[in-house]
Amino acid sequence: MNVFKKALLMSTLLSWIPSAQAAIELGQQAPNFALIDQHNAVHTLSDYQGQWVVLYFYPKDDTPGCTTEACSFRDAINHIIAKRAIVFGISLDDIESHQQFSKKNKLPFSILSDPNGKVAKQYDSLSDFWLIKFAKRNSFIINPTGDIVKIYKGVDPQTHIKEVLRDLSTLQKKID
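None of the values given here were measured: they were computed from a predicted structure.

A word on the overall build of the protein. Each helix and strand in the protein was counted, giving six helices and nine strands. Out of the 176 residues belonging to the protein, those deemed buried represent 45%. With the model as given, the accessible surface of the protein reaches about 9700 Å², and the carbon-plus-sulfur share is 58%.

Take a look at the structure:
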């Protein structure tokens with residue numbers, strides 16, 4: 001095999017291996033972002049400084065687990081608001097997909113489009129299998145000063161909202 005073919009083979013094989021990145025950690029400043037929601041509004045994390053923020057990443061609009069999770073957040077939105085928090089769903093789906101998903105499920109919160117997975121990667125929530133990319137089912141609670149105070153990896157969409165509401169109460173009691 002000539003050198004060119006070996007180099008091509010090696011670069012192809014290396015592209016299949018996910019690149020190493022630093023894991024996101026409790027206590028670190030949450031990475032800022034600017035993403036567009038289903039209403040074509042731009043949201044930056046820094047716009048919500050001074051508020052509690054729940055970010056939940058999910059793989060795909062209109063799939064069973066993702067619908068369950070989104071509807072759980074929808075059904076608990078008054079409890080989230082009562083806890084002085086705002087919630088954002090984030091996936092790699094495009095804005096049009098988010099518009100349909102939001103309308104179909106009557107979602108009263110913004111779902112943000114991260115089409116290239118840049119934000120999901122910053123939050124260590126990107127599954128990248130060469131040609132297939134999607135967000136992992138991870139969530140984060142960010143306190144009013146912008147620090148990550150709770151990380152959930154690989155959540156169960158059926159029970160996750162109960163964890164988030166419980167943890168928001170616990171975390172807010174520590175500050176109040």
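The rest of the description comes next.
With that out of the way, let us pick up the nonpolar core. Y56, F73, V87 and F109 are the most contacted members of the largest nonpolar core, which totals 24 residues. The set of elements that each furnish at least two residues to this core consists of β3 (52–57), α2 (64–75), α3 (77–82), β4 (85–91) and α6 (160–175). I24, Y48, L112 and L126 belong to the second largest nonpolar core, which has 22 residues in total.

Turning to the packing of α2 against α6, a few remarks are in order. It is at 9 Å that the axes of α2 and α6 come closest, and there the two elements cross at 40°. With respect to α6, the element α2 is oriented oblique. Every pair of crossing elements has a handedness; the one defined by α2 and α6 is right-handed. Across the interface between the two elements, E69, S72 and F73 of α2 pack against H160, I161 and V164 of α6.

What follows concerns the sheet that holds β4. Read from one edge of the open sheet, seven strands run β2-β1-β5-β4-β3-β8-β9, paired in mixed fashion. Looking at which strands have only one partner, the edges of the open sheet turn out to be β2 (42–44) and β9 (148–152). Geometrically, the sheet is characterised by an average inter-axis angle of 30° between neighbouring strands, direction not taken into account. The pairing of β3 with strand β8 (residues 139–142) spans four bridges and is antiparallel. Opposite V54, over in β8, you have I141 as the bridge partner.

A few words now on unusual backbone geometry. Of note, R84 is a non-glycine position whose phi angle comes to about 60°, a positive value. You can see R84 is positioned in the loop between α3 and β4. Given a relative accessible area of 45%, R84 falls into the partly exposed group. Although it is not a glycine, D124 sits at a positive phi angle of roughly 50°. By the element assignment, D124 lies in the loop between α5 (118–122) and β6 (126–129). Take D124: its relative accessible area is 18%, and that puts it in the buried class.

Summed over all chains, the structure comprises seven salt bridges. Between E69 and R137 there is a salt bridge, and its shortest N-O distance comes to 3.0 Å. Here E69, found in helix α2, pairs with R137, found in the loop between β7 (132–135) and β8; they are 68 residues apart in sequence, far enough to count as distant. Classification of E69 by relative accessible area gives buried; the value is 1%. Take R137: its relative accessible area is 17%, and that puts it in the buried class. For R166, the salt bridge identified is with D167, shortest N-O distance 3.3 Å. Shared partners join several salt bridges into a network, and the residues in it are K150, R166 and D167.

Scoring rules and cut-offs
- Starting afresh in each chain, residues are numbered from 1 along the sequence in its written order.
- Reporting in this predicted model follows two pLDDT cut-offs: at least 70 for local features of residues, and 80 or more for side-chain atom pairs to be given and counted; totals over whole chains, interfaces and linings ignore these cut-offs and use all residues.
- Side-chain metrics rest on all non-hydrogen atoms present in the structure, leaving aside hydrogens and water.
- Numbering of helices and strands runs from the N terminus, with a helix taken as a DSSP run of H or I at least four residues long and a strand as a DSSP run of E at least two residues long.
- The buried label applies to any residue whose accessible area, calculated with a 1.4 Å probe on protein chains only, is under 20% of its type's maximum; exposed applies above 50%, and partly exposed to all values in between.
- Every accessible area reported is derived by Shrake-Rupley at a probe size of 1.4 Å, with residue values counting cover from the shown protein chains alone.
- We define the nonpolar core as a collection of buried residues of types Ala, Val, Leu, Ile, Met, Phe, Trp, Tyr and Cys that are connected through side-chain atoms lying within 4.5 Å of one another.
- Where helices are involved, their axes are fitted lines through C-alpha atoms of the stretch in contact, as for all axes, and angles between N-to-C directions lie from 0 to 180°.
- Oblique is the label for any angle not covered by the other classes, which are roughly parallel (under 35 degrees), roughly antiparallel (over 145) and roughly perpendicular (65 to 115).
- A crossing counts as left-handed when the near helix is turned anticlockwise from the far one by less than a right angle, and as right-handed when that turn is clockwise.
- Contacts: residue pairs with any heavy atoms within 4.5 Å of one another.
- DSSP bridges decide pairing: two strands pair if at least two such bridges lie between them.
- For this analysis, a salt bridge means a side-chain nitrogen from Lys or Arg found within 4 Å of a carboxyl oxygen belonging to Asp or Glu.

Honestly, it's all geometry; don't read function into it.
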